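Listed below are the residues making up each chain.
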Amino acid sequence: MNPHISQLVKSPTRLVIGSLVSLFLLLHLFAVPHVSAHTAGRMQLSAEEAGPYRLTVWTSPEPVTEGELHIALAVVLAEDASPVLDAAVTVILTPEGGEERLSEAASTENSENKFLYEAIFDISETGAYQVDLQVIGADGSRGETSFNLEVESGSSFNWLYIIPVAMVLGATLLLFLALRSRSAE
């Protein structure tokens, strides 16, 4: 038997402490918010025609929850799919049945990928929203389109985090019980 393993088996306290440290590190891994690229998320529109343009739109996070919302848009010419990087792009969010509209200018400066326009919103209410997109090209040409978006509560607990934690706790308990019964023999 490996000398390190035999020393560990002889000292269940070290094994338990090592398991607890591993559990702490695993919990820390799942507790740290994950950072993702702004275009990671859900595609809402794919090459949607908007006047002389085609728009592809992503929203992030997925699912969309209260808090920070990123809307990224790719704008290309409909005739040859060449990227349009000098347009004025406006994103307008209107809650269903609501009077208050949120409006943001989308720009390539906010985006990680300079071929995409991005608008960032702070959403404080759940529910259905209509998202209107307006593009005005440098030559004055205009295009508009829209899509619907559902904003969920940001306070929902992600049960998928429980699975690895439960597995580590279960393995630690089984290992502890096995070592305890072995030392009692």
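Numbering of residues begins from 1 in every chain and follows the order in which that chain's sequence is written. Given that the model is predicted, a residue must reach a pLDDT of at least 70 before its local features are reported, and side-chain atom pairs must reach 80 or more before they are shown or counted; all residues, however, enter totals for whole chains, interfaces and linings. Remark: hydrogens and water are excluded; side-chain values derive from all non-hydrogen atoms of the structure.

This part covers the layout of surface pockets. Whether a set of points on the 1 Å grid over the protein atoms alone is a cavity depends on a 1.4 Å probe fitting there but being unable to get out, while an open set qualifies as a pocket with protein on both sides within 12 Å along at least five of seven lines; lining residues are those with an atom within 4 Å of a point. Grid points are joined across faces, edges and corners, and a volume is the space filled by probe spheres set on the points. Its boundaries defined by the atoms lining it, the second largest pocket holds a volume of some 160 Å³. Lining the second largest pocket are P95, G98, E99, E100, L102, D122, I123, S124, E125 and Y129. Under the convention adopted here, Pro, Cys and the residues Ala, Val, Leu, Ile, Met, Phe, Trp and Tyr are nonpolar, Asp, Glu, Lys and Arg are charged, and Gly plus all remaining residues are polar. Residue composition of the lining of the second largest pocket, by class: four nonpolar, two polar and four charged.

Next up on the list: the sheet that holds strand β2 (residues 53-60). Any two strands between which DSSP finds at least two bridges are classified as paired. Secondary structure follows DSSP: runs of H or I at least 4 residues long count as helices, runs of E at least 2 residues long count as strands, and numbering of each begins at the N terminus. Within the open sheet, the four strands sit side by side as β1-β2-β3-β6. Their pairing is antiparallel. This sheet does not close on itself; its edge strands, each paired only once, are β1 (42-50) and β6 (117-123). When the angles between neighbouring strand axes are averaged without regard to direction, this sheet yields 20°. Relative to strand β3 (residues 67-77), β2 runs antiparallel, the two sharing eight bridges. Under this scheme, a helix contributes an axis fitted over its contacting stretch, all axes are lines through C-alpha atoms, and angles between N-to-C directions fall in the 0 to 180 degree range.

Take the residue count of a helix, subtract one, and multiply by 1.5 Å to get its expected span. The terminal C-alpha atoms of helix α3 (residues 162-184) lie 32 Å apart, and with 23 residues this matches the ideal 33 Å at 1.5 Å per residue to within 8%. Partly exposed residues are those whose accessible area sits between 20% and 50% of the maximum for their type, while under 20% is buried and over 50% is exposed, using a 1.4 Å probe and protein chains only. Taken together, the buried positions of α3 are occupied by P164, V165, T172 and L179.

A few words on the pattern of salt bridges. The salt bridge definition used is simple: a Lys or Arg side-chain nitrogen within 4 Å of an Asp or Glu carboxyl oxygen. Following the criterion strictly, the structure yields one salt bridge and no others. One salt bridge connects E49 with R54, and the closest N-O pair in it is separated by 3.7 Å.

Here we take up the side chain of T59. Within the secondary structure layout, T59 lies in strand β2. Residue T59 is classed as buried on the basis of its relative accessible area of 0%. Pairs of N or O atoms are called polar contacts if they sit within 3.5 Å, as long as, within protein, a hydrogen donor faces a hydrogen acceptor (for residues adjacent in sequence, only side-chain-to-side-chain pairs). Here the side chain of T59 touches Q44 through a polar contact of 2.9 Å, side chain to side chain.

What follows concerns the pairing of strand β7 (residues 127-136). Strand direction decides the pairing type here: strand β4 (residues 88-95) and β7, joined by eight bridges, are antiparallel. In the sheet register, A88 faces β7, and the bridge partner there is I136. Sheet analysis places β7 next to strand β8 (residues 142-151), joined by 10 bridges and oriented antiparallel. When the bridges of β8 are listed, G127 appears paired with V151. The turn joining β7 and β8, which pair antiparallel and follow one another in sequence, is formed by five residues; a positive phi near 90° is taken by G140.

The next point concerns a nonpolar patch on the surface. Patch members must show over 30% relative accessible area and no salt bridge, and they are joined within 9 Å when carrying like charges or within 5 Å when they are nonpolar side chains of Val, Leu, Ile, Met, Phe, Trp or Tyr. Only the protein chains shown count as covering a residue, and every accessible area follows the Shrake-Rupley method with a 1.4 Å probe. Together, L173, F176 and L177 make up a nonpolar patch on the protein surface, roughly 270 Å² of accessible area in all. Mapping L173 onto the fold places it in helix α3. Given a relative accessible area of 49%, L173 falls into the partly exposed group.

Quick look at the confidence of the model for the protein now. Note on scores: pLDDT gives the predictor's confidence for each residue, bounded by 0 and 100. Across the protein, the average pLDDT comes to 82, with 74% of residues at or above 70. A contact between two residues is defined here by any heavy atoms of the two lying within 4.5 Å. The low-confidence segment residues 32-38, where pLDDT is below 50, has nine contacts with residues more than four positions distant or belonging to other chains.

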